[in-house]
Amino acid sequence: MAAFDNTLATLKQGQIGTIQSVDAADPQVQRLMVLGLVEGTDVELASAALGGDPMEFRFCGSGISLRKEQASRFKVTQRDRGD
Amino acid sequence: MTKATETYIPLDEIPRRRQPDASIAVVGSPNSGKSTLFNRLTGLRQRIGNYPGVTVERHVGLLRLDNHSVELIDLPGTHGLSAHSLEEQISLDVLFGRMPGTQPPDAILAVVDATNLYQGLYLVQQLIELELPVVVALTMFDAARAEGLQIDIGKLSARIGGAPVCPVVATTGEGVAALRDVLSDLVQRPAPDAAPAWPELAEAAAEIAKSAGLPIRRVEVERLLVDGATETNAPILEALGSDAATRVETVRQALFGSDPPLAHEARVRYAWVRDVLADVQEKVPVFFSWRTQVVQFLNRPIPGTLGLFVVMAIVFQAVFAWATPMMDFIDESTVALSGLVATHLGDGWFASLIADGVIAGVGSVIIFLPQILILFLFIIFLEDTGYLARAAYLLDRLMRSVGLSGQSIIPMISSFACAVPGIMATRVIPNRRDRIATILAAPFMTCSARLPVYALLIAAFVPARQVGFLNLHGLVLFGLYLFGITAGILTALLIRKTALRGPKPPFALMLPEFRRPNMRTVLIQLLGRAKVFLRRAGTVIFTVAVIIWALAYFPRATDLDPALTENEAAAAQLEQSWLGRAGHVVEPVFRPLGWDWRVSSAVIAGFPAREVVIAVLGTVYAVGDEADEATLSQRLKTSTWPDGTPVFTLPMVIGLMIFYACCLQCAATLAVIRRETNSWRWPVFAWCYMTTIGYVGALLAFQLL
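What counts and what doesn't
Residues numbered from 1 in each chain as written. Chains lettered and ligands numbered in written order. Predicted model: local features only at pLDDT ≥ 70, side-chain atom pairs only at ≥ 80, totals over all residues. Helix = DSSP H or I, 4+ residues; strand = E, 2+ residues; numbered from the N terminus. Rg over C-alpha atoms; globule rule 2.2 N^0.38 Å. Contact = placed C-beta atoms within 7 Å. Buried ≥ 20, exposed ≤ 12 C-beta atoms within 10 Å, placed from the backbone. Nonpolar A, V, L, I, M, F, W, Y, C, P; charged D, E, K, R; others polar. Pairing = 2+ DSSP bridges. pLDDT = per-residue confidence, 0-100. Core = buried A, V, L, I, M, F, W, Y, C linked by C-beta atoms within 7 Å. Axes fitted to C-alpha atoms, helices over the stretch in contact; angles between N-to-C directions. Parallel < 35°, antiparallel > 145°, perpendicular 65-115°, else oblique. Left-handed = near helix turned anticlockwise from the far one by under 90°.

Enquirer: Mind showing me how you'd approach the overall build of chain A here?
Expert: Across its full length, chain A holds two helices and five strands. Reading the secondary structure of chain A in the N-to-C direction produces β-α-β-β-β-α-β. Its C-alpha atoms give chain A a radius of gyration of 11 Å, within 12% of the compact-globule value 12 Å for 83 residues. Expressed as lengths along the three principal axes of its C-alpha atoms, the size of chain A is roughly 35 × 30 × 25 Å. Partitioning the contacts of chain A with sequence separation of at least 6, the portion at a separation of at least 24 is 56%.

What follows is the structure, encoded as structure tokens:
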């Protein structure tokens, strides 16, 4: 079992994280949930811009760009793509 | 809110032609291929306007079917039925029939990207709750096939209550005929008969709606329960009666507990979506294709950023270089047309009005059309390929350091050509504060109309020395560009720290996959842009041009010395026209900047359109309309104050250039700011602010240097 403090922001390139819990108090985070980032979604880190922020994620057929701060609101369990 | 009253129209009085029989709303998430499908269905039979009071574009098209026609309303992209942006608000208002001037839709065409059923079905299940007939168009079906996606159309249709599902490829037209067949009798079909994805919410909402005994739809109460009494939902709460607020609150408590309702909704509905997907789709793909590989490469920080600069350089170059021949052609045509008027109408005031007022005035707008078309061609093209979102993503960090976001970059770059399309391009910025800060920064970018003024002054007054391997002329010009950029960025920073202070907006941007854009769609959009530009900006600048013409033409000088040459007579006429008198009147104001009445009146005349200054200087210095720059700069150099000291000293010229770099001398820009911010407040502020900065800058330069 992966460490519990893994978030989308700590994913490495090519890693896939399954969202375990979302800190949903922030309305902006709720908007991201409407886009499909809810518990159970598999999210892959596709790339990061110069300096590592913002980050680009892919999930279920979409790509989304998030700033690190937002990405850290999503706790995940991570695995490598090949697993 | 006014309720539409039902009126009885005798059958034979219903207009037969041109009147659509029904109205179908086209709804889909952004990047679902909605616009491409809409353009494929309606072609050029569409009108672009604005929704009342806002700057969101309203696209309405006519779909001709065998023996009747239906109206298609292309709604702004939306992810669901909760409004988080102006665009989503508009979509909601139209869907709920609350948009004045737009009839409530009779049916819904839901557009879903076949490669992204996950988000698409989230929207579809909410649309089903509107209890209207729905057809689902699965766009980009070719891309789905290429990715090896197997979608069971029949099962999908069954899971969404029997609503027809049509796979289409809008770019090639594949499957569109079948979709048209469904659309032709969609209005007569029943609404999908689907069990709600969230029965608890639906039941609670239905009960509240029923007990009110009013024609309130279940879905409206559902939104009230989830989103609370927002601006959209407040009328519903009011209609429900006096004790409704507490009842709604009780139900909300029971439904959501302490969970944020919207988060709760997302969890419940996506659980349903996953369930449906497991049923109709072979496997949930994690999104790989050769295009993904290209994207992956271009997304690496270094190649991506380098690639972005190459793209920006090409756009910038194209706007400047490609437009020049067309702009020269328009310029020559304007001159030729004026000449034609002069030969046929003589030289009365009417001929002057037509030639110098109308033709020159309208010409001064149309001359920007090539740049605007080329720029928009690129913007629409890049947007359709999905690159624009990527550019915003790559530059977000850089722009954030100056208080803006990545989405501000395209408007800023566009403004180097012309602030008008630049400001129009700020529509891609969802955050209002960011958008206005970008709009205020954009006019500082050195636009192509400033260039001739800079060129004239630099050639005349900056010595052509070599500085290292660089020419001083080029260096000064570069400095003026840098000055504009710095002033713009400082303005954005300042405004974000004061009047528009607010939290830095989060940056969540959907990044679509690269797509081959459809040229047909690009051209249809381009035509629409051109029409909007010519109609809106054209009327304003036309009026102003005629006013300036009148100020320079009247009153006529009566006792001109017949010995004067034609050019000298024109100069004498200008000196005692309203404009010349105004120049004399305001001379004391500009005196501290080292300007005489001639420069002052040229500057005043330049307020509607800054490039006019060259022409006015030409007239004031009596070199005629066809002033070649060499003659004009010679005159400027020898121009003196009554006491014999030269007017154009280096500090004065530097001040003048600073004034030009800052001052908002462009009626078209003001008009477009007014339109895009939907208030006079911002254009007035921008004008005062920029003029003050320009004046102070010129004053400091003249007094201190």
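Enquirer: Where do I start with the overall build of chain B in this structure?
Expert: If you tally the helices and strands in chain B, you get 31 helices and ten strands. Every one of the 705 residues in chain B was classed for burial, and the buried ones make up 44%.

Enquirer: I keep staring at the interface of chain B and chain A and nothing clicks. Help me out?
Expert: One widely used convention gives an interface's size as the accessible area the parts lose upon coming together. Tallying the contact residues gives 36 residues for chain B and 34 residues for chain A. Elements with a minimum of two residues in the side of chain B that touches chain A: α3 (117-128), α11 (261-280), α12 (290-299), α13 (301-321), α17 (387-400) and β10 (509-510) of chain B. At five residues, the largest contribution of residues to the side of chain B that touches chain A is made by α11 of chain B. For the side of chain B that touches chain A, a count of residues per class yields 21 nonpolar, ten polar and five charged. Examined bridge by bridge, strand β4 (residues 62-66) of chain A and β10 of chain B share two bridges and lie antiparallel to one another. If you follow S65 of chain A over to β10 of chain B, its bridge partner there is L509 of chain B.

Enquirer: Even after reading the chapter, I still don't get the pairing of β4 of chain A, so can you show me in this structure?
Expert: Residue and element names in this part refer to chain A. The buried fraction of β4 is high, at five of five residues. With burial as the criterion, each face of β4 is covered, one bearing S62, I64 and L66 and the other bearing G63 and S65. Hairpin geometry of strand β3 (residues 55-59) and β4 is characterised by an intervening segment of two residues between the two adjacent antiparallel strands and by a positive phi of about 40° at C60.

Enquirer: Explanation requested: the environment of D279 of chain B in the structure shown.
Expert: Residues and elements named next belong to chain B. With respect to the helices and strands, the residue D279 is situated in helix α11. Overall, the presence of 12 C-beta atoms within 10 Å leaves D279 in the exposed class. Separated by 127 residues in sequence, D279 and D152 have C-alpha atoms that sit 8.4 Å apart. Among all residues touching D279, those that are not within four sequence positions of it are K155 and R159.

Enquirer: Teacher, can you tell me more about the confidence of the model for chain B here?
Expert: In regions of low pLDDT, the predicted coordinates are not meant to be interpreted in detail. Residue and element names in this part refer to chain B. Residues at a pLDDT of 70 or more form 89% of chain B, whose mean pLDDT is 82. The lowest-confidence element of chain B is α12, averaging 66 in pLDDT; the highest-confidence one is strand β7 (residues 165-167), averaging 96. Overall, residues 1-17 carries pLDDT values under 50, and its contacts beyond four positions in sequence, including any with other chains, amount to two contacts. Listed scores for the predicted complex are pTM 0.75 and ipTM 0.93.

Enquirer: Looking at this model, I keep getting lost on the nonpolar core. Mind explaining?
Expert: Across soluble globular proteins, nonpolar side chains have a tendency to be buried as a group. Formed by 209 residues in total, the largest nonpolar core has its most connected members in I24, V26, I108, A110, V136 and A137 of chain B. Setting aside anything within four residues of it in sequence, one finds A110 of chain B in contact with V27, G28, L123, V124, L127, V134 and V136 of chain B.

Enquirer: Explanation requested: the environment of T115 of chain B in the structure shown.
Expert: Relative to the assigned elements, T115 of chain B resides in the loop between β5 (107-113) and α3. Sequence separation of T115 of chain B and A144 of chain B is 29 residues, and the distance between their C-alpha atoms is 5.1 Å.

Enquirer: Is there a simple way to think about the sheet that holds strand β5 (residues 74-80) of chain A in this case?
Expert: Through backbone hydrogen bonds, the strands of a sheet pair up, either in parallel or in antiparallel fashion. Spatially, β5(A)-β1(A)-β2(A)-β3(A)-β4(A)-β10(B) is the arrangement adopted by the six strands of the open sheet, whose pairing is antiparallel. In the strand order of this sheet, the two ends are held by β5 of chain A together with β10 of chain B, each with one partner.

Enquirer: Is there a simple way to think about the environment of C666 of chain B in this case?
Expert: Residues and elements named next belong to chain B. Tracing the sequence through the fold places C666 in the loop between α29 (650-662) and α30 (667-677). As a C-alpha pair, C666 and W687 span 21 residues in sequence and 9.4 Å in three-dimensional space. Aside from chain neighbours lying at most four places away, what touches C666 is A419, A449, A609 and R610.

Enquirer: What exactly am I supposed to notice about unusual backbone geometry here?
Expert: Excluding glycine, a negative phi dihedral is what most residues carry, and trans is how most peptide bonds are arranged. All names here are of chain B. One non-glycine residue, N31, lies in the positive phi region at around 70°. The exposure class assigned to N31 is buried, which follows from the 23 C-beta atoms found within 10 Å. Notably, E131 is not glycine yet its phi reads approximately 60°, a positive angle. Counting through the fold element by element, E131 comes out in the loop between α3 and β6 (134-139).

Enquirer: Any chance you could explain helix α1 (residues 27-34) of chain A here in plain terms?
Expert: Residues separated by three or four positions in an α-helix point in the same direction, a consequence of the helix having 3.6 residues per turn. Counting buried residues along α1 of chain A, six of its eight residues qualify, which places the element largely inside the surrounding structure. Along its buried surface, α1 of chain A packs onto β1 (15-22) and α2 (68-71) of chain A together with α11 of chain B. The first or second residue beyond α1 of chain A is G36 of chain A, which carries a positive phi of 115°.

Enquirer: What is the right way to look at the packing of α30 of chain B against helix α31 (residues 681-704) of chain B in this model?
Expert: Pairs of packed helices are described in terms of their axes, by the angle between the two and the distance that separates them. Residue and element names in this part refer to chain B. Running from N to C, α30 and α31 cross one another at 140°; their axes reach a closest spacing of 7 Å. One way to sum up the angle between α30 and α31 is to call them oblique. When α30 is examined against α31, the residues L670, I673, R674 and T677 are found in contact with a partner set consisting of W682, P683, A686 and W687. Classifying every residue of the contact of α30 with α31 by side-chain character gives six nonpolar, one polar and one charged.

Enquirer: Hey, could you run me through the packing of α29 of chain B against α31 of chain B in this one?
Expert: Residues and elements named next belong to chain B. It is at 8 Å that the axes of α29 and α31 come closest, and there the two elements cross at 165°. Here α29 is positioned roughly antiparallel relative to α31, judged by the angle of their axes. Handedness of the crossing formed by α29 with α31: right-handed. Within the contact between the two elements, α29 uses P651, M652, I654, G655, L656, I658, F659 and C662 and α31 uses M690, I693, G694, Y695, G697, A698, A701 and F702. Of the residues belonging to the contact of α29 with α31, the class tally is 13 nonpolar, three polar and no charged.

Enquirer: What am I meant to see in the confidence of the model for chain A here?
Expert: Per-residue confidence for chain A gives a mean pLDDT of 85, with 93% of residues at or over 70. The element-level mean pLDDT for chain A is lowest in strand β2 (residues 42-48) of chain A, coming to 87, with β1 of chain A highest at 92.

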